[in-house]
Every structure is written in C-alpha cells, then in structure tokens.
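A closer look at the structure
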Amino acid sequence: MLILLPPSEGKSAVSEGHPVSLAELHFPELNEARSEVLTALRQASGHPDAHRILGVGASLVDDVQRNLLLDVEPSGPAHDVYSGVLYDALDYHHLTALQKRKAREHIVIISALWGALRFGDPIPAYRLSMSVDLPGTGRLSSFWKRVLDEPLRTHAGSSLVVDCRSSTYAAAWSPPVENSVAVNVYQERNGKRTVVSHFAKHMRGELARHLITRRGKIPESPAQLLRAAQERWTAELVLGSGKRGSQLNLLLAPTV
C-alpha cells in the first residue's frame, strides 16, 4: 500500500539539525530536478516581487526570506516539518514504534520543492506551492508531472495507491488507474451531497492514521480499502473506468 499525501502549506521550522542533503532523500533520480527547483526558488525569493511570484501575503515575509537560506537552514524529518490539519489528525508522534515504521514505509508526500518524499526524509521548512508558476521552471504541477511518473510508478509497483492529495497536488502525478483510489469527503444533507474542503484534510489524515494503526492485513485492493474505511465511517466505493481511477467517498453525518 502506498498512501499519497499533500504537504502542508505552512511548515514548522526545525531548530536543530544539519542542512538538507539531497543524497539523504529517497527517490535520488529526482535530485537533478530538485536542484533546478531549489535554484529557481532561491532566485524568485530574492526578487522584489517575490510575494506575488510565490502567491503569498506580505505577512509571510519570514517564510520567503527562509527560502534564501535553504542550503544552511537545519533540516528535520518531513513528519516534523509538515504541520496543519491533516498532519495533526495523523498524529505521528503518538503512534507506536511499529506504527511509525509503517508510516515511514507506506507514506509518500508529493511536494512542490522536492517532488516526492518519504515520511522520514530530512528537509528544512520552506514556502512553495504546487500552483506556483516559478520563473525558470514554469508551473510546478506541470514541471513535476514530467519527472515523477517513472520513479513513482516503479515505487508503487502493483500496490494499492490510496490518494489523499488535494487537487493541486494530484495534478503533479496520476497513479495507475487500475490500482489507485482517490479519497473524497462529502457531507449529506436532505439527500444532497456537498464537498467539504477544510474538514476533508482532517478526514484524510484520520484515514491515513487508521490504515497505519488498524489490525489486520494491509488493504491490497479498492474493495479491501472500502472495508477498512467502513470500520470507522460511512463510506462507499465508486469503481474506476477508462482513465479515471476508483473513488472512496467518506460520508459525514449532517451537522445539527
């Protein structure tokens, strides 16, 4: 099983640790592309119009300035650097030692700067979104789409791919349709469904945690994933067809 997560847009800076070394990151075939994006990000972050280029507000000046120092900033495990709703729900630090090992083994994060990371890969905090059109590389989702397919398909093999990414990060790689399941979150009210966006992050983090912590065999098919999800939620599976992979829909009870 491969669980695909997006990064968090906000990052927690690490206070101690050595600077990032591309040689220590998984997927070494991405290092040339990583170096290219790092150089382009550093140049863009030093531009007078950096906030507009990176699509961030003026209040994030410290984050933009940190981009200029990524070669000397301390790095820490990705599960410490990425924060926010999804990662809070996954709650890595309260897993058992065995569960932490499973998380590091089964989770891959799709990143605008690094392309793809394993959960324990050491990185510094940075500010860059997959939606950015970065001078020198172009729109990052298109840039990474040209690079990620071969290494991630090789890594996934015939394993079930549980896709918990947002649409912004899903644009950077399309898993094989025959063994991938995208996770959606809906709320039902009066027979109608609405997409929930902010709470969907929380639910996807909870699903990832459940898949890591539950007893029993790791799901190997969309049907087995559905049964695992139904251990905790109301869920349904829409099987894929054509170029569209399967969809796991988690259904929330209406709020009063």
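The coordinates are above.
Residues numbered from 1 in each chain as written. Predicted model: local features only at pLDDT ≥ 70, side-chain atom pairs only at ≥ 80, totals over all residues. Heavy atoms only, no water.

**Considering the overall build of the protein**
Broken down by element type, the protein carries ten helices and twelve strands. Over its C-alpha atoms the protein spans a radius of gyration of 18 Å, differing by no more than 12% from the 18 Å that the globule rule assigns to 256 residues. When the backbone C-alpha atoms are referred to their principal axes, the protein occupies close to 50 × 40 × 40 Å. The contacts in the protein between residues at least 6 apart in sequence include a share of 67% that link residues at least 24 apart. (Helix = DSSP H or I, 4+ residues; strand = E, 2+ residues; numbered from the N terminus. Rg over C-alpha atoms; globule rule 2.2 N^0.38 Å. Contact = heavy atoms within 4.5 Å.)

**Section: the packing of helix α6 (residues 97-106) against helix α9 (residues 198-213)**
It is the contact of α6 with α9, at a shortest axis distance of 9 Å, that shows an interaxial angle of 115°. Where α6 crosses over α9, the handedness of that crossing is right-handed. Contacts between α6 and α9 involve Gln99, Lys102, Ala103 and His106 on the former and, on the latter, Leu211, Ile212 and Thr213. The class makeup of the residues in the contact of α6 with α9 is three nonpolar, three polar and one charged. (Axes fitted to C-alpha atoms, helices over the stretch in contact; angles between N-to-C directions. Left-handed = near helix turned anticlockwise from the far one by under 90°. Nonpolar A, V, L, I, M, F, W, Y, C, P; charged D, E, K, R; others polar.)

**A few points about the side chain of His210**
Mapped onto the elements of the fold, His210 is located in helix α9. You can call His210 buried: its relative accessible area is 9%. Within the structure, the side chain of His210 is placed 3.0 Å from the side chain of Glu231, a separation counted as a polar contact. Residues contacting His210, with those up to four places away along its chain left out, are Ala228, Glu231, Arg232 and Trp233. (Buried < 20%, exposed > 50% of the residue type's maximum accessible area, 1.4 Å probe, protein only. Polar contact = N/O pair within 3.5 Å; in protein donor to acceptor, adjacent residues only side chain to side chain.)

**Considerations on the environment of Ala171**
Relative to the helices and strands, Ala171 resides in the loop between α8 (167-170) and β9 (180-189). Through-space distance from the C-alpha of Ala171 to that of Val14 is 29 Å; in sequence the pair is 157 residues apart. Every residue in contact with Ala171, bar those within four places of it in the chain, is listed here: Ser141 and Lys145.

**Some points on unusual backbone geometry**
The backbone of Phe27 sits at a positive phi, close to 60°, despite the residue not being glycine. Overall, Phe27 belongs to the buried group, its relative accessible area being 7%. Here the phi dihedral of Asp91 falls at roughly 55°; this positive angle occurs in a residue that is not glycine. By secondary structure assignment, the location of Asp91 is in the loop between α5 (85-90) and α6. Among the residues examined, Asp91 registers a relative accessible area of 27% and is labelled partly exposed.

**Some words on α6**
Those residues of α6 that fall on the buried side of the exposure criterion are Gln99, Lys102, Ala103 and His106. One face of α6 carries all of its buried residues, which in axial projection span an arc of 100°. In this structure, the buried residues of α6 make contact with β1 (2-5), β3 (107-111) and α9. (Arc of directions from axis to C-beta.)

**What to know about the pairing of strand β10 (residues 192-195)**
Of the strand pairs in this sheet, β9 and β10 are connected by four bridges, and their pairing is antiparallel. Note that in β10 the partner of Gln187 across the bridge is Thr194. Hairpin geometry of β9 and β10 is characterised by an intervening segment of two residues between the two adjacent antiparallel strands and by a positive phi of about 55° at Asn190. (Pairing = 2+ DSSP bridges.)

**Digging into the nonpolar core**
Grouped together as the largest cluster of nonpolar side chains are 80 residues, with contacts concentrated most on Leu5, Trp114 and Leu128. If we skip the residues at most four places from it in the chain, Leu128 touches Glu9, Val37, Leu41, Leu54, Ala112, Leu113, Leu134, Leu140 and Tyr169. (Core = buried A, V, L, I, M, F, W, Y, C linked by side-chain atoms within 4.5 Å.)

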